[in-house]
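Breakdown of the fold
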Amino acid sequence: MTSVVFVHGTGVRAKSYEKSFARVMSGLGRVRADVQVARCFWGEEHGAALGLGGASLPVRTKNRGVGGDGALDEDDPLAVWALLEVDPLAELREFVQAAQDGGEETGFAPGRVDPWETVADTVRGLTLAGTGQTGGGLPRLVADLAPHLDEAAGRVADEISGSLGGSSPADGIEPIAARAVYALAVQLAEGPYGDDEPLAVDGADRDALVGALTDQLGGTDRGGFVAGAAKGVAVRALNAYLSPLSSLAHTFRGGITKGSVPASGDILRYQVRGAGVRAAIRAAVRDAVEAGDGPVVLLAHSLGGIACVDLLAEPDPPAGVELLVTVGSQAPFLYELDALTALRRDEPLPAAFPRWINVYDERDLLGFVGEKVFPGRVTDLRVNTRQPFPRAHTSYFAHQRLYDLLAPELPK
């Protein structure tokens, strides 16, 4: 039986590995029930940690903030999601303000229910029941977000209720409220300062869930982003937030840095600490390969892909690996930099190196292509998770199309 050994990437610890492993099990099981998925989890034992409790972090002084700069294209459909990653309520606030500035005052009338309160009440009644029955990755997304929906909906409803006494809600508030609820639920599910690996979500599943919430709110703009009063609101708001956020990053640097240590620290330890850490991670991969029964496929994400390329380029690679699949990996980039530890830039891949498929998303800034780096030895497969970076880097295994592409490539 073919064994697919799942090798995780940087920053992954036990809880997030199990989530990713379950996604891989489900995805491959749907398209190739004949393969066995095996674990290769190295992060807990060989990953990085702040050994002195963060003693290296500077204490922020009052005037330490540094201004930011930059702009996003208003026509970019990911601009709204980039904004909501930063502040889930920002688009809603901007839209409400635009509606109030441009609408007619309704005033107070005895016995009249304020239309903003009607919208808020509908938001409070949102449910995920029945929204995860379409297959793919949607049921898992619903399971991840369901415990947080009531709190997210309540906060969005409170934001809408704060508009009481103004003009009537403008057309198009429903999808904006739905996006705010979704973005808040994701933020709540991930916890403060990224205590867990970012939630892996495919853009199609995100859009389906937001569409279902929009339907419950009575909206009609399921597929797009509203025009008119809200056009460009998200982009303008995000650009306005960039400078303050750079200061906030300094304010919360301790929590942010500690949250990012597993991701950045694992890479530094692998590249800098020398043979000990690299050998330990490669040994974990070798053990998982040798435990397989039949042809072995290495399915490796990010830093895991670098480790697998290094291992397979060694003079004595483990036997039985018929296919290497790197996903969102930096191995071709490091080779071009002459930074791979087992293979210098002027050296070709060994003749015995297995067939290599390299999966990337154009929006993943940590994913690279390999066909031009290793001509004739690598096949690049592009996927589109429809997510902005950095979530694009962590959402590959929630993307059902990935498994459809891999199914015919796996050995029988």
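Everything below is about the structure shown above.
The structure reproduced in this document is the subject of the present report. Here the residue index of a chain counts from 1 through its sequence in written order. For this predicted model, a pLDDT threshold of at least 70 governs which residues receive local features, and a threshold of 80 or more governs which side-chain atom pairs are given and counted, while totals over whole chains, interfaces and linings are taken from all residues. To obtain the side-chain values, all non-hydrogen atoms of the structure were used and water was disregarded.

**A closer look at helix α6 (residues 138-145)**
Here is the rule: Throughout, exposure labels follow a simple rule: accessible area from a 1.4 Å probe, protein chains only, divided by the maximum for the residue type, with under 20% read as buried, over 50% as exposed, and the rest as partly exposed. Strands here are runs of E lasting at least two residues and helices are runs of H or I lasting at least four, both read from the DSSP assignment and numbered beginning at the N terminus. Taking the helix axis as origin, the arc is that swept by the directions to the C-beta atoms.
Inspection of α6 places L138, L141, V142, D144 and L145 among the buried residues, and these make up the whole buried set. Each buried residue of α6 lies within a common arc of 160° when the element is viewed along its axis, so the set occupies one face.

**So, the environment of L83**
As for its placement among the helices and strands, L83 is situated in helix α3 (residues 79-86). The class of L83 is buried, set by a relative accessible area of 0%. When the C-alpha atoms of L83 and A183 are compared, they prove to be 9.9 Å apart, with 100 residues separating the residues in sequence.

**Regarding the pattern of salt bridges**
Going by this rule: The term salt bridge refers to a pairing of a side-chain nitrogen on Lys or Arg with a carboxyl oxygen on Asp or Glu at a separation within 4 Å.
Across all of its chains, the model carries 20 salt bridges by this definition. A salt bridge links R23 to D144, with the shortest nitrogen-to-oxygen separation between them at 3.5 Å. On the criterion of sequence distance, the pair formed by R23 in helix α1 (residues 14-31) and D144 in helix α6 is long-range, its members being 121 residues apart. With relative accessibility at 8%, the residue R23 sits in the buried group. Across the salt bridge formed by E409 and R355, the nearest N and O atoms sit 2.9 Å from each other. Highlighted residues: E409 in the segment after α16 (400-406) and R355 in strand β5 (residues 355-361), separated in sequence by 54 residues.

**Section: the sheet that holds strand β3 (residues 296-301)**
The cut-off we apply is this: Strands qualify as paired when DSSP identifies two bridges or more between them. With axes taken as lines fitted to C-alpha atoms, and helix axes fitted only over the stretch in contact, angles between N-to-C directions fall between 0 and 180 degrees.
The sheet built from six strands is open, its strands ordered β2-β1-β3-β4-β5-β6 with parallel pairing. Both outer strands of the open sheet, β2 (36-40) and β6 (378-383), are each paired with one neighbouring strand and no more. Sheet twist, expressed as the mean angle between neighbouring strand axes with direction ignored, is 20°. One ladder, built from five bridges, connects strand β1 (residues 3-7) with β2; its direction is parallel.

**Quick word on the packing of aromatic side chains**
Each aromatic ring pair is described using two quantities: the centre-to-centre distance and the angle formed by the ring planes. As a reminder of what qualifies: Between rings of Phe, Tyr and Trp, where Trp is taken as its six-membered ring, a pair exists when centres lie within 6.5 Å; planes separated by under 30 degrees are stacked, by over 60 edge-to-face, and by other angles tilted.
As enumerated under the stated definition, the model contains nine aromatic pairs in all. Aromatic pair F6 and Y17: ring centres 5.4 Å apart, planes at 20°, arrangement stacked. With F6 in strand β1 and Y17 in helix α1, this residue pair connects regions lying eleven residues apart in the sequence. Grouping residues by exposure puts F6 and Y17 together as buried. Measuring from ring centre to ring centre gives 5.6 Å for W81 and Y182, while their planes differ by 80°; the resulting arrangement is edge-to-face. Highlighted residues: W81 in helix α3 and Y182 in helix α8 (residues 173-190), separated in sequence by 101 residues. Residue classification places Y182 among the buried positions, given a relative accessible area of 6%. Among the aromatic residues, ring-to-ring pairing joins F6, Y17, F21, F41 and F397 into one connected group.

**Quick word on the nonpolar core**
Buried together is how nonpolar side chains tend to be arranged in soluble globular proteins. Let me state the cut-off plainly: Only buried residues count toward a nonpolar core, which is a set of Ala, Val, Leu, Ile, Met, Phe, Trp, Tyr and Cys residues joined through side-chain atoms within 4.5 Å. Any two residues whose heavy atoms approach within 4.5 Å are treated as being in contact.
Formed by 42 residues in total, the largest nonpolar core has its most connected members in V123, L145, V156, I160, V181 and Y182. It is α8 that contributes the most residues to this core, eleven residues altogether. Each residue touching I160, except ones within four places of it in the same chain, is listed here: L92, W116, V119, A120, V123 and A177. Counting 33 residues, the second largest nonpolar core, distinct from the first, contains Y270, L311, L340 and L343.

**Here's the deal with the packing of α6 against α8**
Two measures define how a pair of helices packs: the angle their axes make with one another and the distance between the axes. Formally: For this classification, under 35 degrees means roughly parallel, over 145 means roughly antiparallel, 65 to 115 means roughly perpendicular, and everything else is oblique. Here the nonpolar group is Ala, Val, Leu, Ile, Met, Phe, Trp, Tyr, Cys and Pro; Asp, Glu, Lys and Arg are the charged ones; every other residue, Gly included, is treated as polar.
At their nearest, the axes of α6 and α8 sit 9 Å apart, and the two run at 70° to each other. Here α6 is positioned roughly perpendicular relative to α8, judged by the angle of their axes. On α8, the residues touching L141, D144 and L145 of α6 are Y182, A185, V186 and A189. Tallied by class, residues from the contact of α6 with α8 come to six nonpolar, no polar and one charged.

**Looking at the pairing of β5**
Among the seven residues that make up β5, six are buried, leaving the element largely enclosed by the rest of the structure. For strand β4 (residues 321-327) and β5, the ladder comprises five bridges, and the chain directions are parallel. Bridge assignment links L324 to a residue of β5, and that residue is W356. In the sheet, β5 pairs with β6 via six bridges, with the strands oriented parallel. For V359, the partnering residue across the bridge sits in β6 and is L381.

**Things to note about the packing of helix α7 (residues 149-161) against α8**
Put simply, the test is: Each crossing gets its hand from how the near helix is turned against the far one by less than a right angle, where anticlockwise is left-handed and clockwise is right-handed.
Axis separation between α7 and α8 bottoms out at 8 Å; the angle between their running directions is 135°. One way to sum up the angle between α7 and α8 is to call them oblique. Judged by the sense of rotation from one axis to the other, the crossing of α7 with α8 is right-handed. Here α7 contributes L149, E151, A152, A153, R155, V156 and I160 to the contact with α8, which in turn contributes A177, A180, V181, L184, A185 and L188. Here the residues of the contact of α7 with α8 are counted per class, giving eleven nonpolar, no polar and two charged.

**Describing α7**
What counts, and what does not: Multiplying 1.5 Å by the residue count of a helix minus one yields the expected span of that helix.
Taking 1.5 Å per residue as the helical rise, α7 with its 13 residues ought to reach 18 Å, and the 18 Å between its terminal C-alpha atoms agrees with that figure. Residues of α7 that are buried include every one of L149, A152, A153, V156, A157, I160 and S161, and no others.

**Some details on unusual backbone geometry**
Backbone torsion omega between F389 and P390 reads 15°, so that peptide bond is classified as cis. The backbone of S302 shows a phi angle near 55°, a positive value even though the residue is not glycine. Since its relative accessible area comes to 1%, S302 is described here as buried. At D338, a residue that is not glycine, the phi angle is positive and equals roughly 60°. Checked against the element boundaries, D338 lands in the loop between α14 (331-336) and β5.

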